[in-house]
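Working through the structure, step by step
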Amino acid sequence: MKKLLILGAGTGGTIMANKMRALLERDEWDITIVDQFRTHYYQPGFLFIPFGMYKKDDVVKPKTSFLPVGVNIIFQEIDRIDGMNNHVLLKDGISLNYDFLIIATGTRVVPEETPGMKGPLWHKQVFDFYTIEGALALADFFKTWPGGELVLNIADMPIKCPVAPLEFVMFADAFFVERGLRNKVNITYVTPMSGAFTKPRASKVLGNLLAEKNINILSDFYLERVDNVKKVLVSYDEKEVPFDCLVTIPVHKGDPLIGRSGLGDEMDFVKAHKHTLQSDHFPNIFVIGDAGNFPTSKAGSVVHFQADVLTENLMCAIENRPLTDAYDGHSNCYIETGFGKGALIDFNYDTEPLPGSFPFPGIGPFGLLKETRMNHYGKLMFRWIYWHILLKGKEMPIDSKMTMAGKKM
Amino acid sequence: MAQKVIAGVTVDVTEEGYFTNPAQWTRELAAEIAKEEGVQLTDKHFDVLNFIRERFAKGEALTIRSVGNSGIIDIKGFYGLFPGAPMKKAAKVAGIPKPASCI
């Protein structure tokens, strides 16, 4: 019996378990997936929680609900990968052998990387919304907050879903307008990038949107520490930003097991080929999603598009053929802009987000790089699509390769 | 695509002045570009530039933190070498495209 082992039962691991179980013969291939946690979080939903639009129940389901029959599931912490000997050691001492390994261990926020961030104000006046705990604490805080300096800060790139911080400030604008508090809330978007977004055309459109909504942008701010006494952010070049409520996107790292296994870079992201998704170290190890050091967004849409490529390339590797498929960096995402509207961007390694219509050229129904109501409905519908189609590895009417059709140069 | 003449050599650059072909880079060109950015290059600068070029050649993402963790210099020191926006300035002087980690 040959063995395919998948580490991580998040979005990437779950999709791959579904796709590969459908392709590999059951009497020849044993598929096992390992994860330390039993709960699957719909992470795009965290954004909606601080504003009372989603509750906890809207974003959690058991992981086992999305894994197919015929896949072994082990809930256990992973110690390390021994690539030389083709096995993975779990924390309880069990060793799992593999013929092929998929690493889908994701990324996590590490507030501890920034001095003072997890200080006395943590989850009192300093919040993250990339964890369920942070999002819920912020929802509670906003219920009674009388207003003041609301600062959103991105500590460093890369982060999961690089548009979520933009959506957050636009939601905050709408939220406080609706509460009649907007004149008491000053919103500032503090980023290490040189604008609202780094891809030039999207940055311009999104930067203009923020300006229209009276949201300040402070760019090229690289966070060194959070001063809990003075309640200021301090950058490496000694700039200071005062806050009454700080919403932080902490530094992101890969899983520590990647470092222990010697497969990652200094941030514990797995070193892998950006087109083939194969590990730089071992030809029978592949990587999907946030766990990799790919120069692309850490986002579910990337995972979804990579899954098609990985399925193809894994079958090539299994059948001893050269890897034929190449991931092009395709990513797309809805951007909530508040007041029931949204924008949509679609891009890859080489092409920046452009205006146009999506997915059908000239028809849409979604508009690229512009605010429409339909884009907002797209985002809301996506939660259903995520649970029922995407995780199960079923076909979607969007190609994994980006297309220029429908885009305007 | 734009071209720029630096120290008598014509190189391919973007509108913002980033090299589009890192192979056209030389130490002499780096010194000239650095001057435009108000930076006088030292050996320490070149250690950092070489690290950045190697990482870029391998297709790995580049951030200020990754330079700070390189063992060559810490983040404060990186700011000292390339004040203001160290990653962008260093990328420009190192003759590589604007860092793609900013996505």
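Residues numbered from 1 in each chain as written. Chains lettered and ligands numbered in written order. Predicted model: local features only at pLDDT ≥ 70, side-chain atom pairs only at ≥ 80, totals over all residues. Heavy atoms only, no water.

1. Points about the pairing of strand β7 (residues 87-90) of chain A
Residue and element names in this part refer to chain A. Burial of the side chains of β7 is restricted to one face: Val88 and Leu90 are buried, whereas none of His87 and Leu89 on the reverse face is. Relative to β7, strand β6 (residues 78-82) runs antiparallel, the two sharing four bridges. By the bridge assignment for β7, Asp82 is matched with His87. If you look at the hairpin formed by β6 and β7, you'll find four residues sitting between the two strands, and Asn86 has a positive phi there, around 55 degrees. Sheet analysis places β7 next to strand β8 (residues 95-97), joined by three bridges and oriented antiparallel. Of the residues in β8, the one forming a bridge with Val88 is Leu96. (Buried < 20%, exposed > 50% of the residue type's maximum accessible area, 1.4 Å probe, protein only. Helix = DSSP H or I, 4+ residues; strand = E, 2+ residues; numbered from the N terminus. Pairing = 2+ DSSP bridges.)

2. Description of the packing of helix α1 (residues 11-23) of chain A against helix α6 (residues 300-318) of chain A
Residue and element names in this part refer to chain A. Between α1 and α6, whose axes approach to 10 Å, the crossing angle comes to 45 degrees. Classified by the angle between their axes, α1 and α6 sit oblique to one another. The element α1 and its partner α6 pack so that their crossing is right-handed. Together, Thr11, Gly12, Ile15, Met16, Lys19, Met20 and Leu23 of α1 and Val303, His304, Ala307, Asp308, Leu310, Thr311, Leu314, Met315 and Ile318 of α6 make up the contact between the two elements. Tallied by class, residues from the contact of α1 with α6 come to 10 nonpolar, four polar and two charged. (Axes fitted to C-alpha atoms, helices over the stretch in contact; angles between N-to-C directions. Parallel < 35°, antiparallel > 145°, perpendicular 65-115°, else oblique. Left-handed = near helix turned anticlockwise from the far one by under 90°. Contact = heavy atoms within 4.5 Å. Nonpolar A, V, L, I, M, F, W, Y, C, P; charged D, E, K, R; others polar.)

3. Here we look at the sheet that holds strand β9 (residues 100-103) of chain A
Residues and elements named next belong to chain A. Strand order in the open sheet formed by five strands is β5-β2-β1-β9-β20, and the pairing between neighbours is parallel. Single-partner strands in this sheet number two, and they are β5 (71-75) and β20 (285-287). In this sheet, neighbouring strand axes are inclined to one another by 20 degrees on average, regardless of whether the strands run parallel or antiparallel. In this structure, strand β1 (residues 2-7) lies alongside strand β2 (residues 29-35), joined through six bridges in parallel fashion.

4. Observations regarding the interface of chain B and chain A
Interface size, as often reported, equals the accessible area lost upon joining of the parts. Listed as interface residues are 20 residues of chain B and, on the opposing side, 28 residues of chain A. Overall, the association of chain B and chain A removes approximately 2000 Å² of surface from exposure, summing both partners, and the carbon and sulfur fraction of that is 51%. Inspection of the region where chain B meets chain A yields six salt bridges. Ionic pairing is found between B:Lys76 and A:Glu238, a salt bridge with its closest N-O pair at 2.8 Å. (Buried area = accessible area lost by both parts, 1.4 Å probe. Salt bridge = Lys/Arg side-chain N within 4 Å of Asp/Glu carboxyl O.)

5. Section: the sheet that holds β6(A)
All names here are of chain A. If you walk across this open sheet you meet the three strands as β6-β7-β8, and the pairing is antiparallel. Both outer strands of the open sheet, β6 and β8, are each paired with one neighbouring strand and no more. The mean angle between the axes of side-by-side strands here comes to 20 degrees, regardless of whether they run parallel or antiparallel.

6. Points about the domain arrangement of chain A
All names here are of chain A. By the assigned domains, chain A splits into domain 1 (2-106 + 255-318), domain 2 (111-250) and domain 3 (331-390). Between the C-alpha centres of domain 1 and domain 3 the distance comes to 26 Å. Every contact between the two is made by 23 residues of domain 1 and, on the other side, 12 residues of domain 3. Taken together, the two surfaces of domain 1 and domain 3 that pack against each other cover about 1600 Å², and 65% of this comes from carbon and sulfur. When the buried area of domain 1 at its contact with domain 3 is split by residue, Tyr42, Phe48 and Tyr54 rank highest and sum to 29% of it. Connecting domain 1 to domain 3 are one salt bridge. The salt bridge partner of Asp58 is Arg383, with a shortest N-O separation of 3.7 Å. Inspection of the region where domain 1 meets domain 3 yields six residue pairs in polar contact (both at pLDDT 80 or more). When contributions to the side of domain 1 that touches domain 3 are tallied by element, the ones reaching two or more residues are α1, β3 (39-41), β4 (60-62) and α6. In terms of residue count, the dominant contributor to the side of domain 1 that touches domain 3 is α6 (four residues). (Domains from an automatic or database assignment. Polar contact = N/O pair within 3.5 Å; in protein donor to acceptor, adjacent residues only side chain to side chain.)

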